[in-house]
Amino acid sequence: MKINSPEEIEEAISIFMVNLELAANSASPPTAQASRQHHIAELNTNAAALLCLKRRVRKEYVRTGDERLNQIYKRLANRLQKVLRRTRQAKLDELLENASRDLSSNYSLWKLTIRFKRQATLKAPLKNPAGDWCNTGSQKAETFADMVSIQLVMNER
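So, here is what we can say about the structure in this document. (Residues numbered from 1 in each chain as written. Predicted model: local features only at pLDDT ≥ 70, side-chain atom pairs only at ≥ 80, totals over all residues. Heavy atoms only, no water.)

With respect to the overall build of the protein
- Counting its regular elements, the protein contains six helices and zero strands.
- Put simply, the protein has 157 residues, and 12% of those count as buried.
- Counting contacts in the protein only where the partners sit at least 6 residues apart, residues at least 24 apart contribute 22% of the total.
- When the accessible surface of the protein is totalled, it reaches about 13,800 Å², and 57% of it is carbon and sulfur. (Helix = DSSP H or I, 4+ residues; strand = E, 2+ residues; numbered from the N terminus. Buried < 20%, exposed > 50% of the residue type's maximum accessible area, 1.4 Å probe, protein only. Contact = heavy atoms within 4.5 Å. Areas by Shrake-Rupley, 256 points an atom, 1.4 Å probe, with all protein chains shown as cover.)

Pasting the structure below:
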């Protein structure tokens, strides 16, 4: 490309900058704001409005520290959870009503029931060296750490 005048230089620079910005935008990951907007778009209008209001009240509570705003925030969070739970249940009910075992629904019934056919994985209880059962996660972690350290000492010899 041959550049003959200062205007052509300015035009070439502006085209280059636009192309550079487009390349940078397509190469960078989406921002948190863009991903939030995407998730909000998937919600129904009632849940989306509650979510926006909850976020606004939370920001105001963090800014001011007013305890009444914290109570309002907690109420909004509970209400949003209930709305989301109802929405999720309604979608599941609709999915189950429309599920069938033929090709027209892409064998959706079999895809839904495969989870129930799997063998359940059990979380085996542990006994510590004293012979007592470990009830909490921290007790299990300590017992496991003790057993590993004993094994490592035995392997060093």
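That was the structure; now back to the text.
Section: the nonpolar core
- Membership of the largest hydrophobic core is limited to 10 residues, which are A47, L50, L51, V57, Y61, L69, Y73, L76, L80 and V83.
- Elements supplying a minimum of two residues to this core: α3 (45-64) and α4 (67-98).
- Y61 has contacts with D66, E67, L69 and N70, leaving out every residue within four places of it along the chain. (Core = buried A, V, L, I, M, F, W, Y, C linked by side-chain atoms within 4.5 Å.)

With respect to α3
- Under the 1.5 Å per step criterion, the end-to-end length of α3 is 29 Å for 20 residues, consistent within 8% with the ideal 28 Å.
- Residues of α3 that are buried include every one of A47, A48, L50, L51, K54, V57 and Y61, and no others.
- One or two steps after α3, the chain reaches G65, where phi turns positive at roughly 80°. (Expected span 1.5 Å × (residues − 1).)

Considering the environment of V83
- With respect to the helices and strands, V83 occurs in helix α4.
- For the pair formed by V83 and N44, sequence separation is 39 residues and the distance between their alpha carbons is 9.5 Å.
- Not counting residues within four places of it along the chain, the set of residues in contact with V83 comprises N44, N46, A47 and L50.

Digging into the packing of aromatic side chains
- Following the criterion strictly, the structure yields zero aromatic pairs and no others.
- Here R58 stacks its cationic end above the ring of Y73, 5.1 Å away from the centre of that ring. (Phe/Tyr/Trp six-rings, centres within 6.5 Å; stacked < 30°, edge-to-face > 60°. Lys NZ or Arg CZ within 6 Å of the ring centre and 35° of its normal.)

Some remarks on a nonpolar patch on the surface
- On the surface, I9, I13, F16, M17 and L20 cluster together into a nonpolar patch covering about 480 Å² of accessible area.
- With respect to the secondary-structure elements, F16 resides in helix α1 (residues 6-27). (Patch = residues over 30% accessible without salt bridge, like charges linked within 9 Å, V, L, I, M, F, W, Y side chains within 5 Å. Salt bridge = Lys/Arg side-chain N within 4 Å of Asp/Glu carboxyl O.)

Structural notes on the pattern of salt bridges
- Tallied over the full model, the rule gives two salt bridges.
- Linking E60 and R63 is a salt bridge whose minimum nitrogen-to-oxygen distance equals 2.4 Å. Highlighted residues: E60 and R63, both in helix α3, separated by three residues, approximately one helical turn.
- In this structure R63 comes out as exposed when scored by relative accessible area, which is 61%.
- Here D66 and R68 are joined by a salt bridge, their closest N and O atoms 3.2 Å apart.
- Overall, the relative accessible area of 26% leaves D66 in the partly exposed class.

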